[in-house]
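Below are the chains, spelled out letter by letter.
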Amino acid sequence: MLVKRLCAVASAVIVLSLFPVARGAEQFLTVGTDDGGVPFKLDTQTMGKKDRKFGEVIKIYQLKNDSMFEYMLHASCADERLWMVGYRIYNNAGKKISEEKEDREIPARGDTPGSTAMKYYCQAIKARGW
């Protein structure tokens, strides 16, 4: 009887400890890689939400050279247009070391990290034509 209880408790602890890992896997989706194979990750939980400085954005992250790059994109699903509106760079301690605004249109279709993120976003909001 004691062995069954210990097994049940151990199983519950293992399942509960895996929950955050599984939840985190759903939040960040790989949308491409750079030439060196370093992945770009789409934050699926913040897509389309307002960023204080950049408005409604899609955020893509990349960890590279002890830094984290956060790219903010603005998507117009109806017009099939996509803009890079800014980026931030953080050091390995999580401190923001750079922030820049941009207003540059980038390809909305194709297999770039930005266009893949836009496709996922437009499908998630059930935009017509996606």
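Summary of the structure given here. (Residues numbered from 1 in each chain as written. Predicted model: local features only at pLDDT ≥ 70, side-chain atom pairs only at ≥ 80, totals over all residues. Heavy atoms only, no water.)

Turning to the overall build of the chain, a few remarks are in order. In terms of helices and strands, the chain carries 2 helices and 7 strands. The N-to-C order of helical and strand elements in the chain reads α-β-β-β-β-β-β-β-α. Expressed as a percentage of the 130 residues in the chain, the buried residues total 35%. Of all intrachain contacts in the chain linking residues separated by at least 6 positions in sequence, the fraction that spans at least 24 positions is 32%. Accessible area for the chain stands at about 8800 Å²; split by element, carbon and sulfur atoms hold 56% of it. (Helix = DSSP H or I, 4+ residues; strand = E, 2+ residues; numbered from the N terminus. Buried < 20%, exposed > 50% of the residue type's maximum accessible area, 1.4 Å probe, protein only. Contact = heavy atoms within 4.5 Å. Areas by Shrake-Rupley, 256 points an atom, 1.4 Å probe, with all protein chains shown as cover.)

With that out of the way, let us pick up the nonpolar core. One finds Ile58, Ile60, Leu73, Leu82, Met118, Tyr121 and Cys122 to be the most contacted residues of the largest nonpolar core, which totals 22 residues. Of all the secondary-structure elements, those providing two or more residues to this core are strand S2 (39-43), strand S4 (55-64), strand S5 (67-76), strand S6 (81-91) and helix H2 (113-124). Discounting residues that sit within four places of it in the chain, isoleucine 60 has contacts with Val31, Phe40, Lys41, Phe69, Glu70, Tyr71, Leu73, Pro113, Gly114 and Ala117. Counting 5 residues, the second-largest nonpolar core is a separate cluster that includes Phe54, Val57, Trp83 and Val85. (Core = buried A, V, L, I, M, F, W, Y, C linked by side-chain atoms within 4.5 Å.)

The sheet contact formed by S2 and S4 spans 2 bridges and is antiparallel. Bridge assignment links lysine 41 to a residue of S4, and that residue is tyrosine 61. Between strand S3 (residues 49-51) and S4, which pair antiparallel one after the other, the connecting turn spans 3 residues. For S4 and S5, the ladder comprises 7 bridges, and the chain directions are antiparallel. Residue isoleucine 60 lies in a different strand from S5, and its bridge partner there is tyrosine 71. Here S4 folds back onto S5, and the loop between the two strands holds 2 residues, one of which, asparagine 65, carries a positive phi near 50°. (Pairing = 2+ DSSP bridges.)

These results come straight from atomic positions and should not be treated as a statement about function.
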